[in-house]
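# Fold and contact review
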Amino acid sequence: MNTRNTIILAAGKGTRMKSKLYKVLHQVCGKAMVDHVLTQVEKTQMDQIVTVVGYGADDVKATLGDRTAYALQAKQMGTGHAVLQAEPLLKDEVGTTLIVSGDTPLFTAQTFEDLFAYHEAKHAAATILTSVAPDPTGYGRIVRNNIGIVEKIVEQKDASSEEQEIHEINTGVYVFDNQKLFAALHQTSNDNAQGEYYLTDVIEILKQQGDIVAAYQMADFDESMGVNDRVALANATKIMRNRINRQHMRDGVTLIDPDTTYIDAGVKIGSDTIIEGGVVLKGSTVIGEDCYIGAHSEIRNSTLADHVTVTSSLLEESTMASGSDIGPNSHLRPESHIGPKVHLGNFVEVKKATIGEGTKVGHLTYVGNAKLGKHINIGCGVIFVNYDGLHKHETVVGDDAFIGSNSNLIAPLNVADHSFVAAGSTITDDLKQYDMAIARQRQTNKPNYYQKLPYRGED
Ligand code: UD1
Ligand code: MG
């Protein structure tokens, strides 16, 4: 039976990135480049997927998990040598093998399918995926003879000045007859400018032994972009961002200014949600339908139900239920769970707290390590004092309680439902149901004292 297999090359260090992070783990729209590649490969029907790892092998494996098998390239001796490391896993397969690099994050499954179809139609032993680059510097060039037949691929560093003029480039994606690939790889040498075993040399070897080599030129150069440095990383991110944004718009999301809207690959957004410019949506964020995300908000790994309004605020690892709103200039720190129809207004910081339905926290308040019930009114400038310098303590506030402005609730504390804290109180003792607590110095008025003060008013 003919099988379809994939080898993903991801063992290189990525010297040109000048980074502590291994190249293929650099992120494009919140997802490692090699993960983008694998995701598209997974959408194509495959019998086996092998990822060649070397530099940062453990980190790459931790990122991709068991979605792929692995081959280890202990020493990086070139792309041809890298493919050979997959030989023990794939050598017995009769069929076709797709090779793709972990640093080309923009390829789509459709292009892989088109390449397979072309390869099969041409009955080729190898088909190279090529594209035409406006600036081909750095890429391998496709050398064709005078009737347009592919002869070989020449790397930038080995290319003559004439060959450097060629704009048709090797995208680094190929399909090969599996058996012929490994047989030819054993014939490659490292006699070139980089002293490496080039995968690209297999093309010339197959040609010389009389095999058919085809080249399928894709229309869109952008999709084939290889990322070797930070400039290309930014360019690839821009293209991916554009692709992601267009998909959301097609799915019914309004982006007021897609050019300044930064949505990670894993984010989900419901229809009729409106997103203003300058918004950043990261990680596994999920936003429901009919939400409004105001300008310059940032939402990380959070889940928003339908009809949620966020105005210029930062949300991290939190949830907001239907009809709730926050901002402007507020902050949900991790593990904040905001109930339905909760109102969080200006300059409110919430950390590790749950807030029940209909509760209002309008202004200038810190809620940390707390459980708040339903329909509570928290006045302006309330502080949940949760830290004694050594430990964090919890505050519980029951349903329908009222916390007057400028109060300190010193944890651990239990404020029962239907109880009332008078404004300006520093509360250290629990309140029972229907209690009112007032904990502030009594006011004394001193008659005519104004005249004894040096202050004479502002004329
Ligand atoms: C390669 C191609 C070039 C093509 C370009 C497309 C070769 C010799 N050159 O060049 O023709 O235009 O991709 O983007 O194939 N890798 C290993 N082990 C190694 C070396 C590399 O696993 O020993 C991996 C890297 O992690 C990377 C991929 O192979 O994911 C490509 O290597 P890279 O160094 O980026 O090759 P390019 O110079 O981009
Ligand atoms: Mg590359």
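Our subject is the structure listed above.
Residues numbered from 1 in each chain as written. Chains lettered and ligands numbered in written order. Predicted model: local features only at pLDDT ≥ 70, side-chain atom pairs only at ≥ 80, totals over all residues. Heavy atoms only, no water.

### Observations concerning the site of ligand 1
Quick note on the threshold: Nearness here has a simple test: a residue counts as near a molecule or strand if at least one of its heavy atoms is within 4 Å of that partner. Here a polar contact is taken to be a pair of N or O atoms separated by no more than 3.5 Å, where protein atoms must pair a possible hydrogen donor with a possible acceptor and residues adjacent in sequence count only if both atoms sit in side chains. Note on areas: Shrake-Rupley, 1.4 Å probe, and residue coverage restricted to the protein chains presented here. The helix count covers DSSP runs of H or I at least four residues long, the strand count covers runs of E at least two residues long, and both are numbered beginning at the N terminus. Classes in brief: Ala, Val, Leu, Ile, Met, Phe, Trp, Tyr, Cys and Pro nonpolar; Asp, Glu, Lys and Arg charged; the others, Gly included, polar.
In the vicinity of ligand 1 there are 24 residues, among which Gln73, Gly78, Thr79, Glu155 and Asn170 approach most closely. The separation between an oxygen atom of ligand 1 and a polar side-chain atom of threonine 79 is 2.8 Å. Taken by itself ligand 1 offers 750 Å² of open surface, and the protein chains cover 91% of this. Taken together, the elements giving at least two residues each to the shell around ligand 1 come down to strand S1 (3–10), helix H3 (79–84) and strand S10 (168–177). Looking at the shell around ligand 1 element by element, the count peaks at three residues for S10. Partitioned by chemical class, the residues of the shell around ligand 1 number seven nonpolar, 13 polar and four charged.

### Some thoughts on the packing of aromatic side chains
Stated precisely, the cut-off is as follows: Centre distance within 6.5 Å is the pairing criterion for rings of Phe, Tyr and Trp, where only the six-membered ring of Trp is used; planes under 30 degrees apart are then read as stacked, over 60 as edge-to-face, and the remainder as tilted. Charge-over-ring placement is defined geometrically: NZ (Lys) or CZ (Arg) within 6 Å of the ring centre, and within 35 degrees of the ring normal.
For the coordinates displayed, the defined rule picks out seven aromatic pairs. Taken together, a centroid distance of 4.5 Å and an interplanar angle of 5 degrees make the contact between phenylalanine 402 and phenylalanine 420 stacked. With phenylalanine 402 in strand S32 (residues 402–403) and phenylalanine 420 in strand S35 (residues 420–421), this residue pair connects regions lying 18 residues apart in the sequence. Over the ring of phenylalanine 116 we find arginine 4, and its NZ or CZ is 3.9 Å from the ring centre.

### Considerations on helix H9 (residues 230–250)
Think of an α-helix as turning once every 3.6 residues; residues three or four places apart then point the same way. To keep it simple, the criterion reads: For a helix, the expected span equals 1.5 Å multiplied by the number of residues minus one. Accessibility here uses a 1.4 Å probe with only protein chains present; expressed as a share of the type maximum, an area under 20% marks a residue as buried, one over 50% as exposed, and anything in between as partly exposed. Contacts: residue pairs with any heavy atoms within 4.5 Å of one another.
The end-to-end C-alpha distance of H9 is 30 Å, a good match for the 30 Å that 21 residues give at a rise of 1.5 Å each. All of the buried residues in H9 are Ala232, Leu233, Ala236, Thr237, Ile239, Met240, Arg241, Ile244, Asn245 and His248. On the buried face of H9, the contacting elements are strand S2 (27–28), helix H1 (33–42), strand S12 (254–255), strand S13 (262–263) and strand S14 (268–269). The opening residue of H9 is aspartate 229, an N-cap whose side-chain oxygen sits 3.2 Å from the backbone nitrogen of valine 231.

### A word on the coordination of the magnesium ion (ligand 2)
Six octahedral donors around a metal ideally sit at 90 or 180 degrees from one another, while four tetrahedral donors ideally sit at 109.5 degrees. Heads up, the condition is: Only nitrogen, oxygen and sulfur atoms within 2.8 Å of the metal, or 3.2 Å for Na, K and Ca, are treated as donors, and water is left out, so sites may look incomplete.
The protein atoms that coordinate the magnesium ion (ligand 2) are Asp103 (OD) and Asn228 (OD1), at distances spanning 2.1 to 2.4 Å. Remark: asparagine 228 occurs in the loop between strand S11 (213–217) and H9 and aspartate 103 occurs in the loop between strand S6 (95–101) and helix H5 (109–121); sequence separation between them is 125 residues.

### A look at the pattern of salt bridges
Note the threshold: The salt bridge criterion pairs a side-chain nitrogen of Lys or Arg with a carboxyl oxygen of Asp or Glu, the two atoms within 4 Å.
For the structure shown, the criterion picks out eleven salt bridges. A salt bridge links glutamate 168 to arginine 144; the shortest N-O distance between them is 2.7 Å. Here glutamate 168 is found in strand S10, whereas its partner arginine 144 is found in strand S8 (residues 141–144), with 24 residues between them in sequence. Residue class for arginine 144 comes out partly exposed when judged on its relative accessible area of 32%.

### A look at unusual backbone geometry
Where the residue is not glycine, phi is negative for most of them; where a peptide bond is considered, it is trans in most cases. Between glycine 327 and the following residue, proline 328, the backbone shows a cis peptide bond with an omega angle of 10 degrees. Residue position: proline 328 is located in the loop between strand S24 (325–326) and strand S25 (331–332). The linkage connecting alanine 411 with the following residue, proline 412, adopts the cis geometry, with an omega of 0 degrees. On the secondary structure map, proline 412 appears in the loop between strand S33 (408–410) and strand S34 (413–415). Phi at histidine 375 is positive, roughly 50 degrees, even though this residue is not glycine. The topology assignment puts histidine 375 in the loop between strand S28 (360–372) and strand S29 (377–378).

### Considering H1
With nine of ten residues buried, H1 lies mostly within the body of the structure. For H1, the full list of buried residues reads Met33, Val34, Asp35, His36, Val37, Leu38, Thr39, Gln40 and Val41.

### A look at the packing of helix H7 (residues 178–185) against helix H8 (residues 201–208)
Convention followed: Only the stretch in contact is used when a helix axis is fitted, and all axes are lines through C-alpha atoms; the angle between N-to-C directions ranges over 0 to 180 degrees. For classification, angles of less than 35 degrees are called roughly parallel, those exceeding 145 degrees roughly antiparallel, those between 65 and 115 degrees roughly perpendicular, and all remaining angles oblique.
Two numbers describe how H7 lies on H8: the axes approach to 9 Å, and their chain directions differ by 105 degrees. Judged by the inter-axis angle, H7 sits roughly perpendicular to H8. For the pair H7 and H8, contact is made by Lys180, Ala184 and Leu185 and by Val202, Ile205 and Leu206, respectively. Per-class residue counts for the contact of H7 with H8 are five nonpolar, no polar and one charged.

### Some details on the environment of isoleucine 410
Structurally, isoleucine 410 can be placed in strand S33. Residue classification places isoleucine 410 among the partly exposed positions, given a relative accessible area of 29%. When the C-alpha atoms of isoleucine 410 and isoleucine 269 are compared, they prove to be 39 Å apart, with 141 residues separating the residues in sequence. For isoleucine 410, the residues in contact, after removing those within four places along its chain, are Val385, Thr426, Ile427 and Thr428.

### Structural notes on the environment of lysine 91
Along the chain, lysine 91 falls in the loop between helix H4 (87–90) and S6. We classify lysine 91 as partly exposed; its relative accessible area is 41%. C-alpha of lysine 91 to C-alpha of leucine 315: the two residues are 224 residues apart in sequence and 50 Å apart in space. With near-sequence residues (within four places) excluded, lysine 91 lies in contact with Asn178 and Gln179.

That's the geometry; what it means functionally is another story.
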